[in-house]
Amino acid sequence: MRRQFPARDCGGGVLRAHVLTKTEAQAIRRVPAATLQAFLTDAMRACGLNDADAATVASAMLEADLTGSDAHGVFRLAGYVRQLKRGAMNPRASIRVLERGPATALIDGDRGMGHVVMTYAANLAVELARASGLGWVGARRSNHAGAGAIYAAMPLQHGMVGIYGAASSVNHMAPWGGSEPLLGTNPIAVAIPSREEAPVVLDIATSLASNGAIRSYELEGKPMPQGWVQNREDGSPITDPRRINEGTYLPMGNVGQFVIALDVARFVPPDVFKAEVDRHIRELASSQRLPGSDEIRVPGTGRAARRREREKNGVPLPATLLAQVDEVAKSLNVTPLGARA
């Protein structure tokens, strides 16, 4: 018996459909959302974050896991803890506004965790957009913030369009036709409010597969699909995730990011706008399909469905990841996740 998991948005990329054997499927453990959030909050506190910032980071990581951006949730915990312990991330960052105009702002993240910095940026973008119709907030001296869709979606709560982008601090990708890693995966996310349908949320990397998706294959020790990573010498495909340092990602430190909030009420009544978005979503989803196609997917629909399913049944964590996370918990002297679930 084999069980197929659908392709899922991965915070800057799509993790392709992965077929699990019955044994592998049985190794998946479901962890309730509240349990996972409490564990992540405790872990961040143990790393020196204050209560408010620990809760912000935990909520963002949980949101990634709930919505299917699995490579940006608890999967990232071990890496974050290493960076915090060696001082690459500042657990007590003091975020400052360096420049502020009617519709723009620039903030200094003080090397804080990106989740905290970008939550601040998104809230400030919404504040500027309320006053000016548009808010564009750039951030310097920030760090990895997880799934970009989280911050693009924050303006949705205010009836606004949200956009997030980042300039990666590490270059993994070669320019089209090249072999040198000169570009970051540079994710971008866009969120558009709707009324009755799920909001349109697109979250992609400019590489064919996101760094997080590739790293998840490395953790599991499973071969990657051909076409994700190429050998630097001859362009041949690399499918062994242990050899990714020999290659470059194929195109489709401190991090520079931005969030844009656009107040649609400055252009059209919000109810009219949302009704039009609903109409477009329904027209796209119900349009004629090619033979063999089960559905026409609109960005955001799968995200909403995954959230509902995982809030009800828990977040699925592979045994290898749960074991890694529990080792991190022991190093922080907090109750392991496996003992809570």
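Below, the structure is looked at part by part. For clarity, every value in this text was computed on a predicted model and none was experimentally measured.

Glancing now at the overall build of the protein chain. The helix and strand tally for the protein chain stands at 11 helices and 16 strands. Considering only C-alpha atoms, the protein chain reaches an extent of 55 × 55 × 45 Å along its principal axes. Summing over all exposed atoms, the protein chain offers an accessible surface of approximately 15900 Å²; the carbon and sulfur share of this is 53%.

It is worth spelling out the side chain of Thr119 at this point. With respect to the secondary-structure elements, Thr119 resides in helix H5 (residues 114–132). Setting aside chain neighbours within four positions, we find Thr119 in contact with Thr56, Tyr151 and Met154.

Turning to the pattern of salt bridges, a few remarks are in order. Pairs may arise between side chains of opposite charge once their charged atoms sit close together. Under the definition given, this model contains 20 salt bridges. With a shortest N-O distance of 2.9 Å, Arg45 and Asp51 are connected by a salt bridge. We classify Arg45 as partly exposed; its relative accessible area is 38%. For Arg282, the salt bridge goes to Glu197, with nearest N and O atoms at 2.7 Å. Overall, the relative accessible area of 37% leaves Arg282 in the partly exposed class. Salt bridges sharing common partners tie together Asp42, Arg45, Asp51 and Arg340.

Moving on, we get to the sheet that holds strand S14 (residues 247–249). Pairing is antiparallel across the open sheet formed by three strands, whose spatial order is S13-S12-S14. In the strand order of this sheet, the two ends are held by strand S13 (237–238) and S14, each with one partner.

In this description, a pair of aromatic rings is defined by centroid distance and the angle of the planes. Applying the stated criterion to the full structure yields three aromatic pairs. The interplanar angle of 35° and the centroid separation of 5.7 Å between the aromatic rings of Tyr151 and Tyr164 together place this pair among those described as tilted. On the criterion of sequence distance, the pair formed by Tyr151 in helix H6 (residues 149–152) and Tyr164 in strand S9 (residues 160–167) is long-range, its members being 13 residues apart. Taking the relative accessible area as the measure of exposure, Tyr164 reaches 3% and is therefore buried.

What follows deals with the packing of helix H3 (residues 51–66) against H5. For any two helices packed against each other, the geometry is given by the interaxial angle and the distance between the axes. Remark: H3 packs on H5, axes separated minimally by 8 Å, with the N-to-C direction vectors making an angle of 90°. Classified by the angle between their axes, H3 and H5 sit roughly perpendicular to one another. Residue-level inspection shows Asp53, Thr56, Val57, Ala60 and Met61 of H3 in contact with H5, the latter providing His115, Val116 and Thr119. When grouped by side-chain class, the residues that make up the contact of H3 with H5 number four nonpolar, three polar and one charged.

Another point: the nonpolar core. Counting 70 residues, the largest nonpolar core has Leu77, Met118, Tyr151 and Tyr164 as its most contacted members. Among the elements that line this core, the one with the most residues is H5, at 10 residues. Setting aside chain neighbours within four positions, we find Met118 in contact with Ala139, Ser142, Ala145, Tyr151, Tyr164, Gln257, Phe258 and Val259.

The rules we used
- One numbering rule holds for all chains: residues counted from 1, following each sequence as written.
- Where totals are concerned, whole chains, interfaces and linings use all residues; where local detail is concerned, this predicted model gives features only for residues with pLDDT of at least 70, and gives and counts side-chain atom pairs only at 80 or more.
- Values reported for side chains reflect all heavy atoms of the structure, with hydrogen atoms and water molecules removed beforehand.
- Helical segments are the DSSP runs of H or I of at least four residues, strand segments are the runs of E of at least two, and each set is numbered from the N terminus.
- The protein chains shown are the only cover counted for residues, whose accessible areas, like all others here, come from Shrake-Rupley with a 1.4 Å probe.
- Residue contacts follow a heavy-atom distance rule, with two residues in contact if any of their heavy atoms lie within 4.5 Å.
- By salt bridge we mean one thing: a side-chain nitrogen of Lys or Arg within 4 Å of a carboxyl oxygen of Asp or Glu.
- The rule is simple: take the accessible area with a 1.4 Å probe, protein chains only, and divide by the maximum for that residue type; under 20% is buried, over 50% is exposed, in between is partly exposed.
- Two strands qualify as a pair provided DSSP detects at least 2 bridges between them.
- Whether two aromatic rings pair depends on their centres lying within 6.5 Å, for rings of Phe, Tyr and Trp, where Trp uses its six-membered ring; planes under 30 degrees apart make the pair stacked, over 60 edge-to-face, and the rest tilted.
- Note on method: axes are straight lines fitted to C-alpha atoms, helices fitted across the in-contact stretch only, with angles between N-to-C directions ranging 0 to 180 degrees.
- Roughly parallel covers angles under 35 degrees, roughly antiparallel covers those over 145, roughly perpendicular covers 65 to 115, and oblique covers all other angles.
- Under the convention adopted here, Pro, Cys and the residues Ala, Val, Leu, Ile, Met, Phe, Trp and Tyr are nonpolar, Asp, Glu, Lys and Arg are charged, and Gly plus all remaining residues are polar.
- Remark: nonpolar core denotes a set of buried residues (Ala, Val, Leu, Ile, Met, Phe, Trp, Tyr, Cys) joined through side-chain atoms within 4.5 Å.

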